[in-house]
Amino acid sequence: MDALTLTSLHSPSCFFHPLPSPKSYFPRFRFHPISIPSKSHLSRQNLKKPEVSTSDSPSIAIPVVDPFTSGETSGEKFDWYSHWYPLAPVCDLDKRAPRAIRVLGLDLVVWWDRMEGQWRVFDDRCPHRLAPLSEGRIDRWGRLQCVYHGWCFDGSGSCELIPQAPEDGPQVHTSGKACAASYPCCVQNKIVWFWPRTEPLYKNILMKCKPPSIPELDDPSYASSMGIRDMSYGYEVLIENLLDPAHVRYSHHKIMTKLLSSTDREGGVPIVITVEESDINGFLAKQEFGYGKFVAPCLVHMFPGSGSNIGSASSSDSKAGQRKFHIIVYCIPVSPGKSRLIWSFPRNFSVWIDQIVPRWMFHVGQNLILDSDMHLLHVEERIIAEIGPSNWEKACFVPTKSDVMVTAFRRWFKKYSSCQVDWANKSLGYLPPTPPREQLLDRYWTHVVQCRSCSLALKVLRVVEASLPILSLILIGVMAASKPSVMSAAIRTAVVSMAVLLFAASRWLSHFIYKTFYFHDYNHAFI
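Residues numbered from 1 in each chain as written. Predicted model: local features only at pLDDT ≥ 70, side-chain atom pairs only at ≥ 80, totals over all residues. Heavy atoms only, no water.

Asker: Provide a residue-level description of the packing of helix α10 (residues 452-481) against helix α11 (residues 489-517), including the pertinent values.
Answerer: Direction vectors running N to C along α10 and α11 enclose 160°, while the axes themselves pass 9 Å from each other. One finds that α10 runs roughly antiparallel with respect to α11. Crossing hand, α10 versus α11: left-handed. Among the residues forming the contact of α10 with α11, the class breakdown is 22 nonpolar, 3 polar and 4 charged. (Axes fitted to C-alpha atoms, helices over the stretch in contact; angles between N-to-C directions. Helix = DSSP H or I, 4+ residues; strand = E, 2+ residues; numbered from the N terminus. Parallel < 35°, antiparallel > 145°, perpendicular 65-115°, else oblique. Left-handed = near helix turned anticlockwise from the far one by under 90°. Nonpolar A, V, L, I, M, F, W, Y, C, P; charged D, E, K, R; others polar.)

Structure (structure tokens):
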């Protein structure tokens, strides 16, 4: 498999090779929302919960007769706080230190509870003076310690120690006001998930409702490495972009492989997409190469039909000769104008590649794809904000079937959520200003610091970069110190050449590190 194909297989914007897709591969698209007791008697200091209840009965599928007709708002509203949200792949979390993560406008801290052997998710603020707990540490007893005044909390959020309180005085650490707010959380498909409510009513919510499960992510016969990246545009633009296969050949020109049959040099072709079922929980769409589904609020999943083959299968590469490739992307609302995606592309062929190629090398191509349309989507979001999200279908001309999933999502967003995410912090109402291009396309803070494999690769490459000039100077010094009678002219020439090559390699490596881990611009006019 060549490098370009390998990049394509690990790209969130790649939408399969042509595949037959019988509908039998995917069972009837029905959701079964759980029954949540009324929450009117519950409150939280910094989070106003929407007054919405769900039903015990299966949701009724709403046929999409005309996907280009604007959907009206519905009396049934999507409850953003009655769903599981992914936080980060387990492989990118460090059990030795707490990690700050923002979702839905909530500032969270994820940390490893060594005593119970599980991940915990708290509000990222100490109840004492509201200092961020993510700046703290895990103490020697496995408790989360706030480093501002040393308050310590166990896995349930109970305060175990207030150093400033005298031992013979009132046991103030047992007060409910001393507790850290703890969210239900779990690990599924190698990802840490959390439920965005802290009331005791939801302590055992996992017994009633589980995060959406993708069996392929846990199947050992599939290669399914993951990645995470913060994006400089909002949740709805992220999902819209992922549901749009037509942009791939243009926004990611010369990054993705081309289709053999095309109408222009970039490889664009008519794409027929049909939305088959839709309701408050998402929709299912059929494409000529498989299926695509959106499971609200976070999951975008593209998968082939039963009996599909990618190329020629062999028994060593897959089970029963079936070669399958999935695109799985979790789209996480962070704050207005900010989103996060966790991606994985499970495949049951050429699994050996992931065993010998470092994970960070896959992320090089994946980040380039994400960067190549970052700026235009950032600008597009601000244009949509100016015209008003509810006017999207009036302002946009979407006459082809390739836009059907995009339109279906915009209709869902308008009908069930009035074209807005229900942010926990109600003051988050405006898009942030557009930053300089270097900050807009920043890779270090949006990916590298969150990815353990890229962070490690950066440290190693920095050491190599610093070592090459030193080796070059050592070679020059050895040659200068040696007598002409000891070192022949040929050897001197070889030493000088090696010193020059080492210095040139250090300059090239410096450029490679900057473009790979910090900033890589993408000018469409010259690609």
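Asker: Explain the sheet that holds strand β12 (residues 226-231) to me, using residue names and the numbers behind them.
Answerer: Spatial ordering of the open sheet is given by β12-β18-β17-β16-β15-β14-β13, a layout of 7 strands whose pairing is antiparallel. Unpaired on one side and paired on the other, β12 and β13 (273-279) mark the two borders of the sheet. In this sheet, adjacent strand axes meet at a mean angle of 15° when their direction is disregarded. For strand β15 (residues 290-295) and strand β16 (residues 299-303), the ladder comprises 5 bridges, and the chain directions are antiparallel. From the neighbouring strand, V295 faces β16, where its bridge partner is L299. Sitting on the sheet, helix α5 (residues 359-372) is in contact with β12 and β18 (338-344), with an inclination near 35° to β12. (Pairing = 2+ DSSP bridges. Contact = heavy atoms within 4.5 Å.)

Asker: Kindly report on the pairing of strand β11 (residues 191-194), identifying the contributing residues and their values.
Answerer: Side-chain alternation along β11 places I191 and W193 on one buried face and V192 and F194 on a second face that is also buried. Looking at chain direction, strand β1 (residues 85-89) and β11 are connected through 4 bridges and run antiparallel. Considered in β11, the bridge of Y85 is made with F194. Of the pairings in the sheet, the one linking strand β10 (residues 185-188) to β11 comprises 4 bridges and is antiparallel in character. (Buried < 20%, exposed > 50% of the residue type's maximum accessible area, 1.4 Å probe, protein only.)

Asker: For the packing of helix α2 (residues 235-242) against helix α6 (residues 374-387), give the residues involved together with the corresponding values.
Answerer: To describe two helices that pack against each other, one gives the angle between their axes and the distance between the axes. The contact between α2 and α6 brings their axes to 10 Å, and the two run at 125°. Relative to α6, the element α2 lies oblique. In this structure, α2 meets α6 at a crossing whose hand is right-handed. Together, V237, E240 and N241 of α2 and L377, E380 and E381 of α6 make up the contact between the two elements.

Asker: Can you explain the confidence of the model for the protein? Please cite residues and give values.
Answerer: For the protein, mean pLDDT is 81; residues scoring 70 or higher make up 80% of the total. Note that residues 258-262 has pLDDT below 50 and, in this model, 11 contacts with residues that lie over four places away or in other chains. In this model residues 307-319 is a low-confidence stretch, pLDDT under 50, and it forms 31 contacts with partners more than four residues away in sequence or in other chains. (pLDDT = per-residue confidence, 0-100.)

Asker: Describe the sheet that holds strand β9 (residues 182-183), naming the residues involved and giving the relevant values.
Answerer: With antiparallel pairing, 4 strands are arranged side by side in an open sheet as β2-β3-β4-β9. Each edge of the open sheet carries a strand with a single partner, namely β2 (99-103) and β9. Relative to strand β3 (residues 106-113), β2 runs antiparallel, the two being bridged by 5 bridges. Across the sheet, A100 pairs through a bridge with V109, a residue of β3.

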